[in-house]
Amino acid sequence: MSNKMWGGRFSERPDEIMEEINVSIDVDRHLFAQDIAASKAHAAMLASQGIITASDAKNIGKGLDTILSEIGKGDFEFKRALEDIHMNVESRLSELIGPAAGRLHTARSRNDQVATDFRLYVRDIVDETDAALAAFQQALVDRALEHAGTVMPGFTHLQTAQPVTFGHHLLAYVEMAARDRGRFQDARKRLNESPLGAAALAGTSFPIDRHATAKALGFDRPMANSLDAVSDRDFVLETLSAASICAVHMSRFAEEIVIWTSPLVGMIRLSDKFTTGSSIMPQKRNPDAAELVRAKTGRVIGALNGLLIVMKGLPLAYQKDMQEDKQGAMEGFAALSLAIRAMTGMVRDLVPDEARMRLAAGEGYATATDLADWLVRTLKMPFREAHHVTGRIVAKAAESGMALHELPLAEMQAIEPKITRDVLGVLSVESSVKSRTSFGGTAPKNVASQAKAWAKRLEKERKLG
């Protein structure tokens, strides 16, 4: 037999290929802290319920603490022959405390054990991601306050549309990150139920206290159905879904940084900290950090798709296919973590070219909507008619090779005689952004107010822990 933990039914060793495809320790070794925490809670509960002696539970606890310390120091030998983290820990525990180690597995299975470990792991990931996103928001808010009045072009279809402020643009990503954090927190609420004690699939005949182990591990409650407890991976899928949306947000911002840093646009500059050079072209400054954030998004989305495909055809309860639930997810979460930290660094590092931004904001007749709004507001013209008149004035300016505010008043009056000199006061980019005072608009006072509100909110979160 190949494995003393489960080999009693078997008389021959598995084929080498079988051993290779079956082993998971290379991946689930990352669950060591969660596995040991769950085992300690389980042992304490078994003793409390009189299922094992207090002495055995005490020795098990001490042995598990020793193993945790050994792994932390790098002194623990992970053995592939023992397949997974659970049996590696139990085998070492047996070496440390003898036969009492075998009592730890009373009233549980590797099925509920791995489900518990992975829920604890994903819960930790959610908390770490929330903290990283809060730091990202703080970086954005700080820069938004700094640039509440810095004018830049706003785009639709990647064409100059209307002037906005750089601070306003940055605050859009603060809002996105807030929704990302909300999705992660929602996922956390649903995952925070304990599978421990569901055993293989049917529960156990031992008088265990699942509420006690759930409480000890910080879960809200035990899962109500033993079949669901061992076979559910919704908690990973939902967290990966939130991660994928978050990664898309990071990728969108990264793409903008790539565009903005291009010499053709030249609206921002990144320092040496977040750029690289070329092996053949010495003049190059490549925004590789931003480009790699875009690429990392594929890893996150791929992890979600991969697990969806693994789960889609599985009957209840546990199937060995579910051993493939961890590697992709862990890699996806790691990719997102790196992307968020890289984006946070770039936000703090980037330097806007305010003069270039202001010039670009006025290109493409970006204040045409302001002219149309003036015609509606001042001349009481129906908007559709104002739109048509403005279009003719823009065409005349383009024909003359002039910016809209440079077109002589007489030329405008030739198209619409009722236009007065007052119209010139709304055609500058500064006037345009200043006028956008509606809630959520780009007026500098709005931006400063929103940024300050976010700063207070983030500070309150920090104080609450």
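The following paragraphs examine the structure supplied in this document. All values derive from a computational prediction rather than experimental measurement.

Thresholds, definitions, all that
- Residues numbered from 1 in each chain as written.
- Predicted model: local features only at pLDDT ≥ 70, side-chain atom pairs only at ≥ 80, totals over all residues.
- Heavy atoms only, no water.
- Salt bridge = Lys/Arg side-chain N within 4 Å of Asp/Glu carboxyl O.
- Helix = DSSP H or I, 4+ residues; strand = E, 2+ residues; numbered from the N terminus.
- Buried < 20%, exposed > 50% of the residue type's maximum accessible area, 1.4 Å probe, protein only.
- Polar contact = N/O pair within 3.5 Å; in protein donor to acceptor, adjacent residues only side chain to side chain.
- Contact = heavy atoms within 4.5 Å.
- Pairing = 2+ DSSP bridges.
- Expected span 1.5 Å × (residues − 1).
- Phe/Tyr/Trp six-rings, centres within 6.5 Å; stacked < 30°, edge-to-face > 60°.
- Lys NZ or Arg CZ within 6 Å of the ring centre and 35° of its normal.

A few words on the pattern of salt bridges. Side-chain pairs of opposite charge can arise where the charged atoms are in close proximity. The final tally for this structure, using the stated rule, is 29 salt bridges. A salt bridge links arginine 119 to aspartate 232; the nearest nitrogen and oxygen atoms lie 2.5 Å apart. Of this pair, arginine 119 sits in helix α6 (residues 110-146) while aspartate 232 sits in the loop between α9 (226-231) and α10 (234-261), and the two are 113 residues apart along the sequence. When sorted by exposure, arginine 119 lands in the same class as aspartate 232, which is buried. Ionic pairing is found between glutamate 430 and arginine 358, a salt bridge with its closest N-O pair at 2.7 Å. Of this pair, glutamate 430 sits in helix α17 (residues 429-435) while arginine 358 sits in helix α13 (residues 354-362), placing them 72 residues apart in sequence. The exposure class assigned to glutamate 430 is partly exposed, which follows from its relative accessible area of 36%. Residue classification places arginine 358 among the partly exposed residues on the basis of a relative accessible area of 34%.

The exposure class assigned to arginine 119 is buried, which follows from its relative accessible area of 2%. For arginine 119, the side chain forms a polar contact with the main-chain oxygen of leucine 191, separated by 2.8 Å. Residue contacts for arginine 119: discarding those within four places in its chain leaves Arg190, Leu191, Glu193, Pro195, Phe219, Met223, Asp232 and Phe235.

So, on to the pairing of strand β1 (residues 151-156). As judged from the six bridges shared by β1 and strand β2 (residues 159-165), these two strands associate in the antiparallel manner. By the bridge assignment, methionine 152 is partnered in β2 with valine 164.

What follows concerns unusual backbone geometry. Here the amide bond leading from leucine 316 into alanine 317 is cis, since omega sits at 5 degrees, within 30 degrees of zero. For alanine 317, the position within the fold is in the loop between α11 (288-311) and α12 (327-349). Phi at glutamate 83 is positive, roughly 75 degrees, even though this residue is not glycine. Within the secondary structure layout, glutamate 83 lies in the loop between α4 (54-73) and α5 (85-97). A residue is classified by how much of its surface remains accessible, and glutamate 83, at 8% relative accessible area, is buried.

Our focus in this paragraph is α10. The end-to-end C-alpha separation of α10 is 40 Å, in line with the 40 Å expected for 28 residues at 1.5 Å each. The buried fraction of α10 amounts to 20 of the 28 residues, a majority that puts the element mostly inside the structure.

Next up on the list: the packing of aromatic side chains. Applying the stated criterion across every chain yields a total of seven aromatic pairs. Ring geometry for phenylalanine 118 versus tyrosine 121: centroids 6.1 Å apart, planes at 35 degrees, classification tilted. Remark: tyrosine 121 and phenylalanine 118 occur in helix α6; sequence separation between them is three residues, near one turn of the helix. Classification of tyrosine 121 by relative accessible area gives buried; the value is 14%. Counting every residue linked through ring pairs, the aromatic cluster contains Phe136, Phe166, Tyr173, Phe253 and Trp260. Residue placement shows arginine 123 over the ring face of phenylalanine 219; its charged tip is 5.0 Å from the ring centre. The side chain of lysine 326 reaches across the aromatic face of phenylalanine 118, ending 5.7 Å from its centre.

Read these as geometric descriptors, not functional statements.
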